[in-house]
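# Analysis of the macromolecular model
Residue-level listing of the chains:
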Amino acid sequence: MPLHKYPPKIWDALKLKQGIYARLPKHYLKSLEQKEPTPVHWRPLGVQYRANPKTGQKERVQDVPIPIYYPPHSQDGLWAGEGWISGFRYANNDKMSTRLRKTWKPQLFKRELYSEILDHKFTITVTARTLDLIDAAYGFDFYILKTPKEDLNSKLGMDLKRAMLNRLARKNTELYPNDPVKREKVYSKYKQQFEIPEEEAEWLGLSLEEAVEKQRQLEDKEPEPLFKACVDKLVEELHIQKLSEPHLTEKK
Amino acid sequence: MWSSGRRVLQELLSQPAVRSFSLTPAQNTVVVERWWQVPLSKVGSPPRLHPRRHRIYKLVEDTKQAPKEKMELILTQTVPKLGGRGDTVFVKKSVGRNKLLPQGLAVYPSPENKQMFAEELRLLREGKSEERVQTRTGQLTVEFLKRSMLKINKMPSDEFQVTKEVVCRQFLKKLGVVVPPQALSLPFESVKDLGDYWCEVTVNGMDTVRVPVSLVPYEDLSARYQQHLKIQTQLQAAAAVSESAVEEEAAGVAVSDPAVEAEAGKDSVSQVSKASDLAGAAGAEKMAAASTQTSEDTTAPPSDSSKKD
């Protein structure tokens, strides 16, 4: 007789299909699926087949990603997909010599980055690659809004993205309330690519626990007092009783 | 039941076949590759990795140690040593990110920004009827021309005349300033006599500067004549020294006749000294002219001016 009804490997996926998890919005559940991040610490081959460099025959090849460790404090900064590579190396780069443990860590900087949409200077731990990517995207806000969740790889990044999209969606109330000229300028800069309906923007980048809490608060209703239900029931019974009594009219 | 479980497992855990290409190479990161090749796995199943053998990496590139590239920015204001508004400059990344961008002195060269500055440039060029603002380089050229003076050496030929083309060429040669003939206006057609005149130069079709022009006699700059002059000055200097020595002796010997002899001596000495001074001054002038010419040539190129009327 089998140990469990469903194999433990699929328990996580099954859990998301029942209870409050099933009532979460569909676009949010779709965003929870894991996708492969852009390779940062290794060079992908990119092709499925290539000619073997030695024999010249066509062969099938596959990209094997290097496992990277993202320490918890990487979620509080923008590391742009960099992380710790823990592994081994050969001494003197020679296969016949000793194998030594080696951890490659990225170099981190604390930089002040200004966001136009949020009108605030953030002090964030970044890497040099982050700054280069910001330059390539022509702006800090553009970088945050353009990179997908897997490439950003940071809770702070997703929170910033959510805040920016929310502010763009509610531009009349939140985006530069005192300066309409600046508001128009900033909005016209970002509106073409980054308009998302407010419902989707609110759920973007939330972790599973946060999303569950949000859903619970949406569905939360104060329990109705029993007194009301009883009173309604009594009133109905009295109605029925009154109607069932014969109608006496006084003859004058 | 097992088969249904496995199908569900495959559906739920199948990784999407997304091959992510890095469009930009990894920048400022450590790039490693494996020493040992991972054996090819079947399509649809992940490759099996040995816990130690497939974790041995070799450093391919640490972009931290690669030469630092410069970044391209478009300036919005005049920045010393870089340029004026609308210029595309290449600066070090540290300068751009810590100074220019946070203070708003420059913006990224995104397509929208480039379009905006191109429109500004177009307005500058084509909106002639409105009040066009003089460019920064134009202003610098105006300042330079106000301080400058043009000296033309008259050529020994008889048919030498000072016309517009001659003046333009002399501007280029002596001051290093490019003046197209339509930006130059002379009050005369052509002159042949020595003397001082003036001409008017229009910068960018907006500002006009009056530059004094003087026509001076011919100076032979060939090496042979220069050597000849040098020998002459030396002889005169020697003569002056000997004369002054003679005069001292005479003064020492005959102290009682100051009026005639000393005056005569002084006059001759002064004449000789004047001649030597003139020769010396001429030589010094040439040196000064040559030095100013070289210095002006080196300062002129940054201010390219009066390209159009």
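Refer to the structure above for everything that follows.
Residues numbered from 1 in each chain as written. Chains lettered and ligands numbered in written order. Predicted model: local features only at pLDDT ≥ 70, side-chain atom pairs only at ≥ 80, totals over all residues. Heavy atoms only, no water.

A separate point is the overall build of chain B. Along the backbone of chain B there are 7 helices and 9 strands. Here chain B, with 309 residues, has 26% of them falling under the buried criterion. Taking as baseline every contact in chain B between residues at least 6 positions apart, the subset at least 24 positions apart corresponds to 54%. Of the accessible surface of chain B, which amounts to about 21,000 Å², a share of 56% is contributed by carbon and sulfur atoms. (Helix = DSSP H or I, 4+ residues; strand = E, 2+ residues; numbered from the N terminus. Buried < 20%, exposed > 50% of the residue type's maximum accessible area, 1.4 Å probe, protein only. Contact = heavy atoms within 4.5 Å. Areas by Shrake-Rupley, 256 points an atom, 1.4 Å probe, with all protein chains shown as cover.)

Attention now goes to helix α4 (residues 136-147) of chain B. Residue and element names in this part refer to chain B. Compared with an ideal rise of 1.5 Å per residue, which puts 12 residues at 16 Å, α4 spans 17 Å between its outermost C-alpha atoms and is within 8% of the ideal. All buried positions along α4 are accounted for by Gly-138, Thr-141, Val-142, Phe-144 and Leu-145. Down the axis of α4, the sector holding all buried residues measures 165°, keeping them to one side. Of the residues in α4, the exposed ones pointing more than 90 degrees away from the buried face are Lys-146 and Arg-147. (Expected span 1.5 Å × (residues − 1). Arc of directions from axis to C-beta.)

A separate point is the interface of chain A and chain B. Counting residues at the interface gives 47 residues for chain A, matched by 48 residues for chain B. Ionic pairing is found between Asp132(A) and Lys93(B), a salt bridge with its closest N-O pair at 3.1 Å. Taken together, the connections running from chain A to chain B amount to 15 residue pairs in polar contact (both at pLDDT 80 or more). Mapped by element, the contributors of at least two residues to the side of chain A that touches chain B are β3 (85-90), β4 (99-104) and α3 (128-136) of chain A. Looking at which element gives the most residues to the side of chain A that touches chain B, the answer is α3(A), with 7 residues. Of the residues that constitute the side of chain A that touches chain B, the class distribution is 22 nonpolar, 11 polar and 14 charged. (Salt bridge = Lys/Arg side-chain N within 4 Å of Asp/Glu carboxyl O. Polar contact = N/O pair within 3.5 Å; in protein donor to acceptor, adjacent residues only side chain to side chain. Nonpolar A, V, L, I, M, F, W, Y, C, P; charged D, E, K, R; others polar.)

This part is about the packing of aromatic side chains. Overall, the coordinates contain 6 aromatic pairs over all chains when judged by the stated rule. Both rings, one in Tyr28(A) and one in Trp203(A), keep their centres 5.8 Å apart while their planes meet at 50°; by these two values the pair is tilted. Linking Tyr28(A) in helix α2 (residues 26-31) with Trp203(A) in helix α9 (residues 198-203), this pair joins segments that are 175 residues apart in sequence. Judged by relative accessible area, which is 7%, Trp203(A) ranks as buried. Ring geometry for Tyr90(A) and Trp35(B): centres 5.3 Å apart, planes at 75°, overall edge-to-face. Of the two residues, Tyr90(A) sits in strand β3 while Trp35(B) sits in the loop between β1 (30-34) and β2 (57-62), which places them in two different chains. Like Trp35(B), Tyr90(A) is buried. (Phe/Tyr/Trp six-rings, centres within 6.5 Å; stacked < 30°, edge-to-face > 60°.)

Glancing now at a nonpolar patch on the surface. Residue and element names in this part refer to chain A. Residues Phe-227, Val-231 and Val-235 make up a contiguous nonpolar surface patch of about 290 Å² in total accessible area. Along the polypeptide, Phe-227 turns up in helix α11 (residues 226-244). Look at Phe-227 and you get exposed, because its relative accessible area is 63%. (Patch = residues over 30% accessible without salt bridge, like charges linked within 9 Å, V, L, I, M, F, W, Y side chains within 5 Å.)

The next subject is the sheet that holds strand β8 (residues 195-203) of chain B. Residues and elements named next belong to chain B. Reading across the sheet, the 4 strands line up as β6-β9-β8-β7 and stay open at both edges, with mixed pairing between neighbours. Of all the strands in the sheet, just β6 (150-153) and β7 (184-185) have a single pairing partner and so form its edges. Here 2 bridges tie β7 to β8, and the two strands are oriented antiparallel to one another. By the bridge assignment, Leu-184 is partnered in β8 with Val-201. (Pairing = 2+ DSSP bridges.)

Glancing now at the state of the cysteines. A covalent bond bridging the sulfur atoms of two cysteines is what the word disulfide describes. Residues and elements named next belong to chain B. Summed over all chains, the structure comprises 0 disulfides over all chains. Looking at the unpaired Cys-168, the closest cysteine sulfur is the one in Cys-199, lying at 8.8 Å. Looking at Cys-168, the relative accessible area reads 10%, which means it is buried. (Disulfide = S-S within 2.5 Å.)

With that out of the way, let us pick up unusual backbone geometry. Residue and element names in this part refer to chain A. Despite not being glycine, Ala-80 shows a phi value in the positive range, around 55°. Counting through the fold element by element, Ala-80 comes out in the loop between β2 (58-60) and β3. A residue is classified by how much of its surface remains accessible, and Ala-80, at 2% relative accessible area, is buried. One non-glycine residue with positive phi stands out, namely Asn-93, at about 50°.

Turning our attention to the pairing of strand β9 (residues 207-216) of chain B. Residue and element names in this part refer to chain B. Note: β6 against β9, 4 bridges, orientation parallel. Residue Asn-153 lies in a different strand from β9, and its bridge partner there is Val-216. The sheet contact formed by β8 and β9 spans 9 bridges and is antiparallel. Considered in β9, the bridge of Gly-195 is made with Leu-215. In sequence, β8 turns back onto β9 through a hairpin of 3 residues, with Asn-204 there showing a positive phi of about 55°.

Glancing now at the nonpolar core. Of all hydrophobic cores here, the largest spans 40 residues; its most connected members are Ile117(A), Phe140(A), Tyr143(A), Tyr190(A) and Leu73(B). Listing elements by their share of this core, those giving two or more residues are β6 (120-127), α3, α4 (140-146), α6 (155-169) and α8 (180-194) of chain A together with β3 (70-75) and β4 (88-92) of chain B. If sequence neighbours within four positions are ignored, Ile117(A) has contacts with Asp141(A), Leu145(A), Met164(A), Arg167(A), Leu168(A), Leu175(A), Val186(A) and Tyr190(A). Counting residues in hydrophobic clusters, the runner-up holds 25 residues, among them Leu145(B), Cys168(B), Leu175(B) and Leu186(B). (Core = buried A, V, L, I, M, F, W, Y, C linked by side-chain atoms within 4.5 Å.)

Residue and element names in this part refer to chain A. As for its position among the elements, Asn-153 is in the loop between α5 (149-152) and α6. For Asn-153, a relative accessible area of 19% gives the class buried. When sequence neighbours within four positions are dropped, the list of residues in contact with Asn-153 reads Tyr-70, Ser-74, Gln-75 and Gly-81.

For the rest of this paragraph, the subject is helix α10 (residues 208-219) of chain A. All names here are of chain A. Relative to the 16 Å expected for 12 residues at 1.5 Å per residue, α10 spans 17 Å between its end C-alpha atoms, a close match to the ideal helical length. Of all the residues in α10, the buried ones are Ala-211, Val-212 and Gln-215. For α10, the angular spread of buried residues about the axis comes to 100°, placing them on one side. Opposite the packed face of α10, turned more than 90 degrees from it, sit the exposed residues Glu-209 and Gln-217.

Let us look at a negative patch on the surface. Residue and element names in this part refer to chain A. A cluster of acidic residues, Glu-224, Asp-232, Glu-236 and Glu-237, forms a negative patch on the protein surface. Relative to the elements of secondary structure, Glu-224 occurs in the loop between α10 and α11. The exposed category is assigned to Glu-224, whose relative accessible area is 64%. (Lys, Arg positive; Asp, Glu negative; His and termini not counted. Charge placed at Lys NZ, Arg CZ, Asp CG, Glu CD.)

Note that all results are geometric; they support no functional claim without further evidence.
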